[in-house]
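Architecture at a glance
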Amino acid sequence: MARTLPRAERVGRRLVTAVGSARVDAPTGLRRVAGRLRADRWATAGLVVIGLFVVAAVFAGPLTAISGQNPYTYHLDRLDDSGSPLGFGGGISFAHWFGVEPLTGRDLFAIVVFGSRTSILVSVSATVLAVVVGVLVGITTGFFGGWYDRTLSRVIDVLFGFPSLVFMISLTAIVPTSFPKPLLIILVIGFFGWPSIARVVRGQTLSLRERNFVVASNAMGAGPWHIIAHQVLPNVSATIIVFATISIPSMIGVEAALSFLGVGVPPPTPSWGRTIGDAVTWVQTDPIYLVFPGAALFLVTLAFNVVGDGLRDALDPRRGAVPR
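Residues numbered from 1 in each chain as written. Predicted model: local features only at pLDDT ≥ 70, side-chain atom pairs only at ≥ 80, totals over all residues. Heavy atoms only, no water.

Within the fold, T301 resides in helix α12 (residues 288-314). Overall, the relative accessible area of 18% leaves T301 in the buried class. Of note is the side chain of T301, whose polar atom sits 2.9 Å from the backbone oxygen of F298. Residues in contact with T301, not counting those within four places in the same chain, are P249 and I252. (Helix = DSSP H or I, 4+ residues; strand = E, 2+ residues; numbered from the N terminus. Buried < 20%, exposed > 50% of the residue type's maximum accessible area, 1.4 Å probe, protein only. Polar contact = N/O pair within 3.5 Å; in protein donor to acceptor, adjacent residues only side chain to side chain. Contact = heavy atoms within 4.5 Å.)

Take the packing of helix α11 (residues 272-280) against α12 next. Where α11 meets α12, the axes come as close as 9 Å, and the angle between the chain directions of the two elements is 140°. Seen along the crossing, α11 lies across α12 with a hand that is left-handed. In this structure, α11 contributes W272, T275, I276, D278 and A279 to the contact, and α12 contributes Y289, L290, P293, G294, A296, L297 and V300. Grouping the constituent residues of the contact of α11 with α12 by class yields 9 nonpolar, 2 polar and 1 charged. (Axes fitted to C-alpha atoms, helices over the stretch in contact; angles between N-to-C directions. Left-handed = near helix turned anticlockwise from the far one by under 90°. Nonpolar A, V, L, I, M, F, W, Y, C, P; charged D, E, K, R; others polar.)

Where helix α3 (residues 41-58) contacts α12, the axes come no closer than 8 Å and their chain directions differ by 135°. Between α3 and α12, the angle is such that the two are oblique. Of the two possible hands of crossing, α3 and α12 adopt the one that is left-handed. Across the interface between the two elements, W42, A43, G46, L47, V49, I50 and F53 from α3 touch A296, L299, V300, A303, F304, V306, V307 and G310 from α12. Residue composition of the contact of α3 with α12, by class: 13 nonpolar, 2 polar and no charged. (Parallel < 35°, antiparallel > 145°, perpendicular 65-115°, else oblique.)

Topologically, D107 is positioned in the loop between α4 (60-65) and α5 (108-144). Buried and without a salt bridge, D107 has R78 as its closest oppositely charged side chain, separated by 8.4 Å. Looking at D107, its side chain comes within polar contact range of the side chain of H96, at 2.9 Å. Contacts of D107, omitting those with residues within four sequence positions, involve Q69, N70, H75, A95, H96, W97 and G99. (Lys, Arg positive; Asp, Glu negative; His and termini not counted. Salt bridge = Lys/Arg side-chain N within 4 Å of Asp/Glu carboxyl O.)

Take a nonpolar patch on the surface next. Residues V54, V55, V58 and F59 make up a contiguous nonpolar surface patch of about 350 Å² in total accessible area. Checked against the element boundaries, V58 lands in helix α3. (Patch = residues over 30% accessible without salt bridge, like charges linked within 9 Å, V, L, I, M, F, W, Y side chains within 5 Å. Areas by Shrake-Rupley, 256 points an atom, 1.4 Å probe, with all protein chains shown as cover.)

What follows is the structure, encoded as structure tokens:
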């Protein structure tokens with residue numbers, strides 16, 4: 001005859017089994033973050049939009065070749081005597097999907113597609129530069145403190161109050177033309193982008209260095225760089241990822257502003273900012289010229305912002321389990 005287990009032991013075994021199953025089924029790490037992002041419809045839509053723009057930037061040549069166009073060929077036959085595009089919607093046709101540019105007749109679809117390559121390349125590169133410098137400065141100042149922290153904190157305060165846009169315009173105007181303009185813009189934007197992330201990372205590092213696991217590692221003889229690499233950096237990585245994601249749209253905006261003011265990438269290289277700047281003067285006679293590059297700039301910045309918000313929520317350890 002089978003032995004009947006006491007009620008407490010039966011309940012305990014069921015509890016152990018349930019906990020074990022939960023541990024097996026519960027997503028962790030990247031699976032958990034991916035699950036939370038999938039559950040966020042706005043973040044998913046943002047990722048799709050970003051993916052489309054990245055594909056357009058990478059395959060700009062083949063994509064514009066479908067209509068047989070490129071952003072450099074002039075189509076003066078598509079313009080009237082005043083330089084305005086002929087036809088409906090700024091010259092929209094089967095050959096010119098977004099119409100043509102006033103005065104030159106260049107294909108607007110090709111300009112927008114190739115302009116995404118300029119904006120994404122400059123913004124992502126400048127963000128990487130700003131994040132690398134900002135994280136290095138933020139972690140080291142927060143961890144080591146002392147005169148090093150005080151000195152760089154004053155430098156950060158000065159950079160926050162510095163008229164960065166005026167400096168960017170002045171610098172890009174006086175640098176020799178032989179220096180690659182996209183590289184110069186990346187360096188300038190990245191230089192003025194690192195103080196904000198440095199301050200955020202410094203604040204988190206100041207909190208982490210007082211935690212028990214950091215104090216214990218220090219007491220056991222672990223070196224400062226070992227602690228920074230294996231204990232501090234992993235604990236601020238979520239903040240770094242989110243900050244980098246939401247920094248990209250601001251970098252896109254700065255590059256567009258510089259191009260809008262005429263000190264960005266030189267023509268005829270396509271740029272959303274310069275196209276928008278040119279379109280403002282034609283908004284009364286050819287409003288479509290402003291709509292498409294403006295919509296592209298709006299969509300990509302909105303997409304990065306909603307993805308950044310989604311990542312912030314997905315990486316938040318205080319959130320509950322991933323919805324099934």
